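Residue strings, one per chain:
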Amino acid sequence: MIKNYLDYFKKAIEKNRLVHLYLLSGERGSGKSRLAFEVAYEILRKGNEDPKLKNQIENKEYPNLFILEPEKDSIKKEQILFLQEEFNKTSLIDGPRVYIIYSIEKMTTQAANSLLKFMEEPQNKETYGFLLTERKDNVISTILSRSQIINLESHSYQYISEELLKKGTPTRQAKIIPLITKDLNEAISLADNEEINDLIEIIIGFVESWNKDSSLVLFLNDKRLLYDRNYYEYFLNLLIVIFLDIIHIKINQKVTLDFLKEEMNIMSTKLSIEEANEIINFIQKCLNEKKYYINLDLAITNLAIAIKKRK
């Protein structure tokens, strides 16, 4: 997926046409991070024949590569000033320097101003930055205007599902996993994860509990897997698909989770389209809150109560 983008950067490096700031935008699984590290390697290998270079970059151990990630859900001015301070020091290794900043949409205005000043007055003319985001629309406008934007596309649901089936992944997993990630390598890794089977059983159990009018609170509170924040997020995303499928059933459209169609048919008789949309909106709110520190016990209980109320 990223090969064409990488070829573009290789040609730019060869012809000395790199700009100093790139914004790589794409959904999770689009390969932003992989592309940034591959391009960093192509830049930093200039004049460097060390066979260990690739591993040093992959392990974030190379002195001329700097990585910044949000601290407590934001990128702060102090982090950019620290980056600037590091770049002002004399490097032990000659040659270009590269920095990669994750989730640039979480940068504060003060941090953005410091970054722009840093880019306008670099100590080293061979300084290159790669800013990564899943939400380009939330990136501060001054950053967007100074960056060359590269929009990466994710693999399609159908492509990942078919690739998993080719590798012998059971049908249910091959339908569920592409809803969790658009990264093929991650999808293949998840296919061998026993906890994905447990997650699928939780999803099936949730639908059965709904149809039997059992307590969703008791059902969900008993599922310890959901107290892992990653699996809690996976679960929320899959719930959205279920309620979207219910809407699709009501308007005679194809469903995604067809192995649950019979059970979702029953659910659809108990929900209006408006109620299903209300539930989807609530789940999306839960996903947004998941970005912050939350008590998962309370979050799961509130989720079950909110969904039950809309039955």
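Residues numbered from 1 in each chain as written. Predicted model: local features only at pLDDT ≥ 70, side-chain atom pairs only at ≥ 80, totals over all residues. Heavy atoms only, no water.

1. Thoughts on the overall build of the protein chain
For the protein chain, the count of helices and strands is 15 helices and 5 strands. The principal-axis extent of the C-alpha atoms belonging to the protein chain is close to 70 × 45 × 35 Å. Residues counted as buried form 46% of the 311 residues belonging to the protein chain. Taking contacts inside the protein chain between residues at least 6 apart in sequence as the whole, the part at least 24 apart equals 72%. For the protein chain, the separation between the mean place of its 44 positive charges and that of its 46 negative charges on side chains is 3 Å. (Helix = DSSP H or I, 4+ residues; strand = E, 2+ residues; numbered from the N terminus. Buried < 20%, exposed > 50% of the residue type's maximum accessible area, 1.4 Å probe, protein only. Contact = heavy atoms within 4.5 Å. Lys, Arg positive; Asp, Glu negative; His and termini not counted. Charge placed at Lys NZ, Arg CZ, Asp CG, Glu CD.)

2. Details of the packing of helix α7 (residues 157-166) against helix α9 (residues 184-191)
It is at 10 Å that the axes of α7 and α9 come closest, and there the two elements cross at 45°. Between α7 and α9, the angle is such that the two are oblique. Handedness of the crossing formed by α7 with α9: right-handed. The residues of α9 that touch α7, namely those facing Y159, I160, E163 and L164, are L184, A187, I188 and A191. (Axes fitted to C-alpha atoms, helices over the stretch in contact; angles between N-to-C directions. Parallel < 35°, antiparallel > 145°, perpendicular 65-115°, else oblique. Left-handed = near helix turned anticlockwise from the far one by under 90°.)

3. With respect to helix α2 (residues 32-44)
Look at α2: 18 Å from first C-alpha to last across 13 residues, which is about the 18 Å you get at 1.5 Å a residue. In terms of residue burial, α2 counts as a mostly covered element, since 11 of its 13 residues are buried. The set of residues buried in α2 consists of K32, L35, A36, F37, E38, V39, A40, Y41, E42, I43 and L44. Summarising the contacts, the buried residues of α2 are in contact with α1 (3-14), β1 (21-25), α3 (53-58), β2 (65-68), β3 (97-101) and β4 (127-133). (Expected span 1.5 Å × (residues − 1).)

4. Some details on the nonpolar core
By size, the foremost hydrophobic cluster in this structure holds 57 residues, and its most contacted members are F206, F235, I242 and F243. Looking at this core, the element that brings in the most residues is helix α12 (residues 229-250), giving 14 residues. Once residues within four sequence positions are removed from consideration, F235 is found in contact with L199, I202, I203, F206, L220, L226 and L303. By size, the runner-up hydrophobic cluster in this structure holds 27 residues, among which are A36, Y41, I43 and L53. (Core = buried A, V, L, I, M, F, W, Y, C linked by side-chain atoms within 4.5 Å.)

5. What about the environment of I247?
Relative to the elements of secondary structure, I247 occurs in helix α12. I247 sits in the buried class, given a relative accessible area of 11%. Sequence-wise, I247 and K10 are 237 residues apart; in three dimensions their C-alpha atoms are separated by 46 Å. Residue contacts for I247: discarding those within four places in its chain leaves I273, A276, N277 and I280.

6. Quick notes on the environment of S30
With respect to the secondary-structure elements, S30 resides in the loop between β1 and α2. Between the C-alpha atom of S30 and that of S154, which follows or precedes it by 124 residues, the distance is 4.2 Å. At a separation of 2.7 Å, a polar atom in the side chain of S30 contacts the main-chain carbonyl oxygen of E27. (Polar contact = N/O pair within 3.5 Å; in protein donor to acceptor, adjacent residues only side chain to side chain.)

7. Overview of the sheet that holds β4
Strands sit in the order β2-β3-β4-β1-β5 across an open sheet of 5 strands; the sheet is parallel. Among the strands making up the open sheet, the edge pair consists of β2 and β5 (148-151). Put simply, the sheet's adjacent strands are angled 20° from each other on average, direction ignored. Looking at chain direction, β3 and β4 are connected through 5 bridges and run parallel. Within β4, the position partnered with Y99 by the bridge is G129. α1 rests against β1, β4 and β5 of the sheet, and its axis sits at about 155° to β5. (Pairing = 2+ DSSP bridges.)

8. Observations regarding a negative patch on the surface
The grouping of D192, E194, E195, D198 and D228 at the surface amounts to a negative patch. Structurally, D198 can be placed in helix α10 (residues 194-211). Given a relative accessible area of 42%, D198 falls into the partly exposed group. (Patch = residues over 30% accessible without salt bridge, like charges linked within 9 Å, V, L, I, M, F, W, Y side chains within 5 Å. Areas by Shrake-Rupley, 256 points an atom, 1.4 Å probe, with all protein chains shown as cover. Salt bridge = Lys/Arg side-chain N within 4 Å of Asp/Glu carboxyl O.)

9. Re the pattern of salt bridges
Enumeration over the complete set of coordinates arrives at 10 salt bridges. Among the ionic pairs, E38 bridges to R34, the shortest N-O distance being 3.6 Å. In this pair, E38 and R34 are both assigned in helix α2, 4 residues apart and thus about one turn of the helix distant. Residue R34 is classed as partly exposed on the basis of its relative accessible area, which comes to 36%. Across the pair R45 and E42 runs a salt bridge whose closest N-O atoms are separated by 3.2 Å. Residues joined by salt bridges that share partners form a network here, namely R34, E38, K54 and E58.

10. Describing the side chain of S147
Along the chain, the position of S147 falls in the loop between α6 (141-146) and β5. Overall, S147 belongs to the buried group, its relative accessible area being 12%. One polar contact links the side chain of S147 to the main-chain carbonyl oxygen of I143, over a distance of 2.7 Å. Excluding anything up to four places from it in sequence, S147 contacts L21, Y22, L23 and L131.

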